[in-house]
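Remarks on the overall topology
Each chain, written out:
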Amino acid sequence: MKKFFPLLLIALVSFFCGKNPSSERLPVTVKETLKLLNPNPQVVIYFNFDNLRKSNFRKENIGDTLFSSAGGSAGILDVIQKISGVNPSSGLNELYISNSWEGDNTLIIKGAFNKDSVYRNIKSDTSYAVLNTPSGKQVYALKEKNFYFFLWDNATLAASNYYDRIQEITEISDTTTNAGINQNPELLKAIQDCFYKSGMWVVSTDKYFIKETFMLMSEPTMDRSELLNADSVFSKSLGKFDPILKNVMSSALSAKMDDELNLSVQFGYGDESTAEQTSKILTSLISISKLSAKDKESPSNKI
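Remember, predicted model here, so these are calculated numbers, not experimental data.

Parameters and conventions
- Residues numbered from 1 in each chain as written.
- Predicted model: local features only at pLDDT ≥ 70, side-chain atom pairs only at ≥ 80, totals over all residues.
- Heavy atoms only, no water.
- Helix = DSSP H or I, 4+ residues; strand = E, 2+ residues; numbered from the N terminus.
- Buried < 20%, exposed > 50% of the residue type's maximum accessible area, 1.4 Å probe, protein only.
- Contact = heavy atoms within 4.5 Å.
- Areas by Shrake-Rupley, 256 points an atom, 1.4 Å probe, with all protein chains shown as cover.
- Phe/Tyr/Trp six-rings, centres within 6.5 Å; stacked < 30°, edge-to-face > 60°.
- pLDDT = per-residue confidence, 0-100.
- Core = buried A, V, L, I, M, F, W, Y, C linked by side-chain atoms within 4.5 Å.
- Salt bridge = Lys/Arg side-chain N within 4 Å of Asp/Glu carboxyl O.
- Pairing = 2+ DSSP bridges.
- Polar contact = N/O pair within 3.5 Å; in protein donor to acceptor, adjacent residues only side chain to side chain.

Considerations on the overall build of the chain
The number of helices and strands found in the chain is 12 helices and 11 strands. Among the 303 residues that make up the chain, the fraction classed as buried is 47%. Long-range contacts, defined here as pairs at least 24 residues apart, represent 64% of the contacts in the chain between residues at least 6 apart. When the accessible surface of the chain is totalled, it reaches about 16000 Å², and 53% of it is carbon and sulfur.

Below, the structure written as C-alpha cells:
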C-alpha cells in the first residue's frame, strides 16, 4: 500500500487589479469549452485529470486518493463512470463544474469515450429515458438521479440536473462564440487571471460565495445553517477579514502538480491602490499570526 507523505505546499497569495504577467496561459480549448457552462454561475470548478495523473508528486505521495473525492462528491464521479465508463484514474481527462443561484448545475466531461458503448448501455438499461429537444438533438435522462446528458461531440459529454439547462447546451454549436461564461466578461477575466490553469482551479465573482468561504475559514466549527440565509451572511462581521472583503471582486484558488504541489490563492480588485492596501492588511495579519504561534511555543508558556 502506498504511504501518504506530508505534502510540500508552496502557497502564493496575491491581490491583482489586472492580468498577472506570470500566470499560466488559458488554453484555447478550455476557453472554447467555457461557452457550455452556466453564463452566471456562483462558482466554476475545473480539473485536468490528465495532467494530474502524469505528475510525479501524485504518483509518489498521493496515488489515487486525490481522485476519490474530486469534484466535491464521489456521487458525481460514480454517475460519470456509469454513463461513460471513464473515471479520474483512467479515461476522464477534464471535468468542468458550474452552478447557479437557481440550483442548476452544469457538468462538462472530456475523456476517451467509447461512443458506441455509451449508446449501447443506454439502450439496454431501463433506468435511462430518451428525450427529444427543440434543437432536434436527443438527450438522455438517468431517471434515478434526475441527471440529463448527451454527447456534445465524440470527446465531450454535457450534463445537468435541469432539463432546461441541457436543452440550452444542445443549441450551442462549434461556431457559437457568445454563449455561457463567454457572455460574462468579469468572470472570464477572473479565470484568465487565475495563476495556475493546468491542474485545477476554483473561481468565483459571487460576493455571497466569497464571503461564505471566508466565514468557513475564520470559523471552521460554525453552524452551516447560517450559510443558507443571504441576509445573515452579508450582515455578519468577520472582524479582521472585513477590510479584505469590502471591495473584493473575485476569488480564485488554483493548483498544479509536477514534482511538487503548487497552490495559489488570489483576490481580484478593481484598482491597484485597493489591491495594495489589502495586501498590506493581509501581510500584517500573517505576521501577527506567526508571532502568536511562536509565542505559544515559548518554554515559559509550557510551564
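Description of the packing of aromatic side chains
Summed over the entire model, instances satisfying the criterion amount to 9 aromatic pairs. Centre to centre, the rings of tyrosine 46 and tryptophan 201 are 5.2 Å apart; their planes meet at 25°, and the pair counts as stacked. Of the two residues, tyrosine 46 sits in strand S2 (residues 43-48) while tryptophan 201 sits in strand S9 (residues 200-204), which places them 155 residues apart along the sequence. Across the pair, exposure class does not vary: tyrosine 46 and tryptophan 201 are buried alike. With centroids separated by 5.3 Å and ring planes inclined at 5°, the aromatic side chains of phenylalanine 47 and phenylalanine 49 adopt a geometry described as stacked. Each member of the pair, phenylalanine 47 as well as phenylalanine 49, carries the same accessibility label: buried. Here a set of aromatic residues connected by ring pairs shows up, and it is made of Tyr119, Tyr128, Tyr140, Phe147 and Phe149.

Details of the side chain of serine 251
Looking at the element boundaries, serine 251 is found in strand S10 (residues 250-257). Taking relative accessible area as the criterion, serine 251 reaches 12% and is therefore assigned buried. If we skip the residues at most four places from it in the chain, serine 251 touches Val202, Val203, Ser204, Ile210, Gln266 and Phe267.

Let's talk about unusual backbone geometry
Most peptide bonds adopt trans geometry, and most residues besides glycine take a negative phi value. Although it is not a glycine, asparagine 146 adopts a positive phi angle of roughly 50°. Tracing the chain through its elements places asparagine 146 in the loop between strand S6 (138-142) and strand S7 (147-153). Since its relative accessible area comes to 42%, asparagine 146 is described here as partly exposed.

Topic: the confidence of the model for the chain
Per-residue confidence for the chain gives a mean pLDDT of 79; residues scoring 70 or more make up 73%. Here residues 1-13 is a poorly scored stretch, pLDDT under 50, and it has 29 contacts once near neighbours within four places are set aside; other chains count. Here residues 69-73 is a poorly scored stretch, pLDDT under 50, and it has 6 contacts once near neighbours within four places are set aside; other chains count.

Describing the nonpolar core
Residues Leu95, Ile109, Phe149 and Leu157 are the most contacted members of the largest nonpolar core, which totals 34 residues. By residue number, the principal contributor to this core is helix H4 (residues 74-84), which donates 4 residues. The contacts of leucine 95, once residues within four sequence positions are left out, are Ile45, Tyr46, Phe47, Phe49, Leu77, Ile80, Leu107, Ile108 and Ile109.

With respect to the pattern of salt bridges
Overall, the coordinates contain 8 salt bridges when judged by the stated rule. The closest approach of N and O atoms between aspartate 125 and lysine 82, which form a salt bridge, is 3.3 Å. Highlighted residues: aspartate 125 in the loop between helix H5 (115-124) and strand S5 (128-132) and lysine 82 in helix H4, separated in sequence by 43 residues. Each of Glu24, Lys256 and Asp258 takes part in salt bridges that share partners, so that together they form one network.

Describing the pairing of S5
As paired elements, S5 and S6 share 5 bridges and run antiparallel to each other. Bridging across to S6, tyrosine 128 finds its partner in leucine 142.

Things to note about the pairing of strand S8 (residues 156-160)
Burial of S8 is extensive: 5 of the 5 residues sit out of reach of the surface. Across the two faces of S8 the burial is the same, with Thr156, Ala158 and Ser160 and Leu157 and Ala159 all buried. Both strand S4 (residues 105-111) and S8 contribute to a ladder of 5 bridges, which runs antiparallel. In the sheet register, lysine 110 faces S8, and the bridge partner there is threonine 156. Hairpin connection between S7 and S8: a loop of 2 residues separates the two successive antiparallel strands.

Overview of the environment of asparagine 93
With respect to the secondary-structure elements, asparagine 93 resides in strand S3 (residues 92-99). Setting aside anything within four residues of it in sequence, one finds asparagine 93 in contact with Phe47, Asn48, Phe49, Asp50, Arg53, Lys110, Gly111 and Ala112. Here the side chain of asparagine 93 touches arginine 53 through a polar contact of 2.9 Å, side chain to side chain.

Re the environment of asparagine 99
Mapped onto the fold, asparagine 99 is located in strand S3. A C-alpha to C-alpha distance of 6.2 Å links asparagine 99 and valine 43, two positions 56 residues apart in sequence.

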